[in-house]
Amino acid sequence: MTTATLTKTNTLIRDAVTQQLEWDSQFDASALGITERDGVVTLTGFIDTYAGKLAAERAAKRVRGVRVVANDIQVRLRLDRTDPDIATDVAAALRLHTAIPLSVQAVVHHGHITLTGTTPNLFLSALAATAVRHIRGVKGTVNHVQIIPDASVSDLRRRIVQAIHRSAEVDARSVSITMRGSTVTLEGAVASWVELEAAEKAVMHAPGITQVHNRITVEPQLVPLPLQADELD
């Protein structure tokens, strides 16, 4: 591929990410910057919530042609909240999600939440992090929840393979799975971030799995093309 072609492709992807961020109503993208090179998108600038920062990252990942996102967005709150106020909302959020076990605990320090305790699988650990990251005033989260299964499960690898095959969002033939102890490694190539994340999420429900190394690569077959004027009518 020539330098001119690469430059044109980079511009198309960058413009598509810019349009996607402006289109998404979950956050204000007016103070965000985007650079792109060879499928690697870097997000910079400022946003007013931690949840908005993560939403911007997810929006960029949805654009065809994006392989990697570096999220350097800084959170600047419009109005600071005290740690006790945030802690009260954290406790309420964890209670609201009844699937999250009572063994999950949280500490708030300068607007940053640290989660500790135990859950039987990675999915519930991630659910706890998701439950608190949208709270107003949160600047970041750290998840130190440990995975301790309720009971041992036999044929766990086979059950993980079956779970990925059941997923309508993943072409299971393109994903390989290896297990070493409580760690699962996913490899292969898929066409979008949606497939990559769906494969990982399927594994996260497995009891006792403490870590997922997701080495699946995103290799889209097409790059975004600008719409022609007659297509907008």
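For the structure itself, consult the block above.
Notes on the structure in this doc start here.

Conventions adopted
- The residue count restarts for each chain, going from 1 along the sequence in the order it is written.
- Where totals are concerned, whole chains, interfaces and linings use all residues; where local detail is concerned, this predicted model gives features only for residues with pLDDT of at least 70, and gives and counts side-chain atom pairs only at 80 or more.
- Hydrogens are left out, water is left out, and the side-chain values use all remaining heavy atoms of the structure.
- Numbering of helices and strands runs from the N terminus; a helix is a DSSP stretch of H or I covering at least four residues, while a strand is a stretch of E covering at least two.
- Buried residues are those whose accessible area, probed at 1.4 Å on protein chains only, stays under 20% of the maximum for their type, while exposed residues exceed 50% and partly exposed ones sit between those limits.
- To measure how exposed things are, a 1.4 Å probe is used in the Shrake-Rupley method; for residues, cover is taken only from the protein chains shown.
- This count recognises Lys and Arg as positive and Asp and Glu as negative, with His and chain-terminal groups excluded.
- Just so you know, the charge point we use is NZ for Lys, CZ for Arg, CG for Asp and CD for Glu.
- The directions considered for the arc are those from the helix axis to the C-beta atoms.
- For this analysis, residues touch if any pair of their heavy atoms sits within 4.5 Å.
- Each nonpolar core is a collection of buried residues, namely Ala, Val, Leu, Ile, Met, Phe, Trp, Tyr and Cys, held together in the definition by side-chain atoms within 4.5 Å.
- Each helix should span, by expectation, one fewer than its residue count multiplied by 1.5 Å.
- Two N or O atoms count as a polar contact when they lie within 3.5 Å, although within protein this holds only if one can serve as hydrogen donor and the other as acceptor, and sequence-adjacent residues are included solely when both atoms are side-chain atoms.

A few words on the overall build of the protein. Within the protein one finds six helices and 13 strands. Split into buried and exposed, the 233 residues of the protein put 41% on the buried side. Roughly 13,600 Å² of accessible area belongs to the protein as shown, and the carbon and sulfur atoms make up 51% of that amount. Within the protein, one finds 24 positive and 25 negative side-chain charges whose respective centroids are separated by 5 Å.

With that settled, the discussion passes to helix H5 (residues 156–166). Those residues of H5 that fall on the buried side of the exposure criterion are Leu156, Ile160, Ala163 and Ile164. On an axial view of H5, the arc spanned by its buried residues comes to 95°, and they lie on one face. Of the residues in H5, the exposed ones pointing more than 90 degrees away from the buried face are His165 and Arg166. Buried residues along H5 sit against strand S10 (175–180), strand S11 (183–190) and helix H6 (193–204).

Counting 44 residues, the largest nonpolar core has Val17, Leu21, Leu43 and Leu186 as its most contacted members. For this core, the secondary-structure elements that each account for two or more residues are helix H1 (3–23), strand S1 (32–37), strand S2 (40–47), helix H2 (50–61), H5, S10, S11 and H6. At seven residues, H6 tops the list of elements feeding residues into this core. What Val17 contacts, discounting residues up to four positions off in sequence, is Ile34, Val41, Leu43, Ala60, Val63 and Val66.

Here the focus is H2. Three or four residues apart is the spacing at which side chains of an α-helix point the same way, because the helix has 3.6 residues per turn. For H2, with 12 residues, the first-to-last C-alpha span of 17 Å sits near the 16 Å given by 1.5 Å per residue. If you check which residues of H2 are buried, you get Tyr50, Ala51, Gly52, Lys53, Leu54, Ala55, Ala56, Glu57, Ala59, Ala60 and Lys61. In this structure Thr49 caps H2, since a side-chain oxygen of it lies 2.8 Å from the backbone nitrogen of Gly52.

In short, shape yes, function no, at least from these values alone.
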